[in-house]
Amino acid sequence: MKKLLFFVIVLFFTSGATVFAANVPLMEKEELQPLLGSKDVVVLDVRTGRDWSQSEFKIKGAVRASYSTFNEWGNAYSKDTTLVLYCS
Amino acid sequence: MRVSLLSISLALSWMLSPESLILLGKTVGEHGTITLVVLGIAGVVSAICASVIYSPHLSVQGHSGTLLMGQEVHAVVGLSLTLASRVSVTLLASCAMLVTAGFAFNEIFVYWFPNFAFATLLLVGITGVNIVSRGWAQNLQMVCVAIVILGMVSLLLFGLLAGEGGGSESVWQSSDVPFFGAFAGVFLFVGYDLILSDKKGQGVVSAFIALLLALGIYFFWAITSMKYAPLAQLSGSTIPHLIVAKSIVAPMGRMVMGVVIIAGACAAANALFMTTRETLAHLAEEGLFPEWLGKYRRGVLLLIVLAMSICLMMFTGLAGEEVLEVYLHGSLLLWLLHISVRCYSASRNLSREKGSRVVHGFFVSILLFGAFLYFLFWGQSVQVRVEFCFLTLAAAFCFALFWRVCCQKKSICL
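A. Region of the structure containing the confidence of the model for chain A. Summarising the model, chain A shows a mean pLDDT of 76, and 74% of its residues fall at 70 or more. Contacts for the low-pLDDT stretch residues 13-21 of chain A, under 50 throughout, to residues beyond four places or in other chains number zero contacts.

B. Geometry of unusual backbone geometry. Residue and element names in this part refer to chain B. Cis peptide bonds are those with omega within 30 degrees of zero, and the linkage from A250 to P251 qualifies with -5°. You can see P251 is positioned in the loop between α11 (240-248) and α12 (252-285). Residues other than glycine seldom take positive phi values, yet S381 does so here, at roughly 55°. Among the structural elements, S381 can be located in the loop between α16 (359-377) and α17 (382-405). Classification of S381 as partly exposed rests on a relative accessible area of 38%.

C. Examining the interface of chain A and chain B more closely. The interface is formed by 13 residues belonging to chain A together with 22 residues belonging to chain B. Carbon and sulfur atoms make up 43% of the surface buried where chain A meets chain B, a total of about 1,400 Å² over both sides. Together, R50, Q54 and E56 of chain A form the three largest contributors to the area buried by chain A at its contact with chain B, with a combined 56%. Where chain A meets chain B, there are five salt bridges. Its salt-bridge partner being E19 of chain B, residue R50 of chain A comes within 2.7 Å of it at the nearest N-O pair.

D. Quick peek at the packing of aromatic side chains. Overall, the coordinates contain 18 aromatic pairs over all chains when judged by the stated rule. With 5.1 Å between their ring centres and 25° between their planes, Y327 of chain B and F388 of chain B make a pair best called stacked. Taken together, the positions of Y327 of chain B in helix α15 (residues 323-354) and F388 of chain B in helix α17 put the pair 61 residues apart, joining distant regions of the chain. Relative accessible area serves as the criterion here: at 13%, F388 of chain B is assigned to the buried category. Through pairs of rings, three or more aromatic residues link up here, namely F105, F109, W112, F113 and F118 of chain B. Positioned over the ring face of W52 of chain A is K58 of chain A, at 4.7 Å from the centre of the ring. Positioned above the aromatic ring of W52 of chain A is the side chain of R64 of chain A, whose terminal nitrogen or guanidinium carbon lies 3.7 Å from the ring centre.

E. Geometry of the environment of E31 of chain A. Mapped onto the elements of the fold, E31 of chain A is located in helix α2 (residues 29-32). Taking C-alpha positions, E31 of chain A is 19 Å from V63 of chain A, a pair spaced 32 residues apart along the chain.

F. Molecular detail of the nonpolar core. Residue and element names in this part refer to chain B. Ranked by internal contacts, the top residues of the largest apolar core, which has 136 residues, are F189, Y192, W221, M257 and L368. A per-element tally of this core places helix α5 (residues 75-109) first, with 19 residues. Other than its neighbours up to four places away in sequence, W221 contacts L24, M152, L155, L156, H241, V244, A245, I248 and M257.

Conventions and cut-offs
Residues numbered from 1 in each chain as written. Chains lettered and ligands numbered in written order. Predicted model: local features only at pLDDT ≥ 70, side-chain atom pairs only at ≥ 80, totals over all residues. Heavy atoms only, no water. pLDDT = per-residue confidence, 0-100. Contact = heavy atoms within 4.5 Å. Helix = DSSP H or I, 4+ residues; strand = E, 2+ residues; numbered from the N terminus. Buried < 20%, exposed > 50% of the residue type's maximum accessible area, 1.4 Å probe, protein only. Buried area = accessible area lost by both parts, 1.4 Å probe. Salt bridge = Lys/Arg side-chain N within 4 Å of Asp/Glu carboxyl O. Phe/Tyr/Trp six-rings, centres within 6.5 Å; stacked < 30°, edge-to-face > 60°. Lys NZ or Arg CZ within 6 Å of the ring centre and 35° of its normal. Core = buried A, V, L, I, M, F, W, Y, C linked by side-chain atoms within 4.5 Å.

Encoded structure:
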């Protein structure tokens, strides 16, 4: 019974994170492609470490941004700008 | 013959790893044609060092030179350096390169297969092979290195003979970073000290063959890189080898380089597992390392600890942290320091055995120590790197001191 309860608790917390994450809209590459180059859309490459350095795929025009410096770049763009975060 | 092939493949494991290809590409981008000179000098320095540390005239022979360093410098110093360098490189370099292999597999071959899952599969596979049979691990080593050599030679032949090029004119270029190439070159050739040879003199032959092979591949890859890619692109890229491979013959070049990256990562990780296990098992036999960890099935428990540590590092997301590169750089510096002190110890031993000073050995050991200091205190993230090296050495030193003082009396430790 204790093992079952433990399993349920673990399952709750792991699925809970997914529920919260589902509120962030995702964008497919087909949606993004026509928007590239637009002044109102900024692609932020937030991959860090080897997630970025060992990847062949870097979106042209993407700006590298670190989550640790969010306070700096978070206010750098106007409210009308669409920020597309590219992560691994 | 089999032992020589294994020794050569162990020595080549780091030289032909993805990390070395990246470093080579960046060096070409920074220095242009001067890279060829840098490679030659670094190769000669490494060959001299190998001839000293594997000399058949040494009175103390051993896989990692720990006993030799213990005799010529200090027992605690020797053990500390061996532990600090071997364990840190095995953990960090294996983690980094297996993750690189995962990205290569995901982006070049099967896009829907998660890269970290592939990296974990490789880790489990390499660990499993090493646990099940040393013979299998040795065969895996030789096969992986053979695949890397085949892939690189194929690209080189096509690039030099058939391709048209497209890079800028190669020029005699000096870098804005002083001495970068001169010292970076030595990092390309470390790995010749991974040879596990019990026969006197065979280590020298195997090391020389490996260095010559690596030098040849590096030399022609540098020329090919300059032929196919602008130097600025190479120096600014994190994957210069892939850029060149794609430029030589797309898309086949990219796939060949993908195979080279995966096989190279496997070879390097396998070699580090094998040599660290053998080294520590050997030290356990000498009473310098816990017997229960080193002796049972020749260090299989140690393998499991290393693999689980790497797994934990991958699952906690260390590969996605910038600090991994700093730690990896630090572990390579410790490796260089280990080789430097080993070379110095061997030079002292030979000087006494031969009755005349081995000047070239002392000179090379000082040169390598200078490279260690230069790269320790130059560049970005100096504080983190120094802290890493210091803490790793301190931890190894404390363990070595504890083991020597307490456990050798058999009164406290099991």
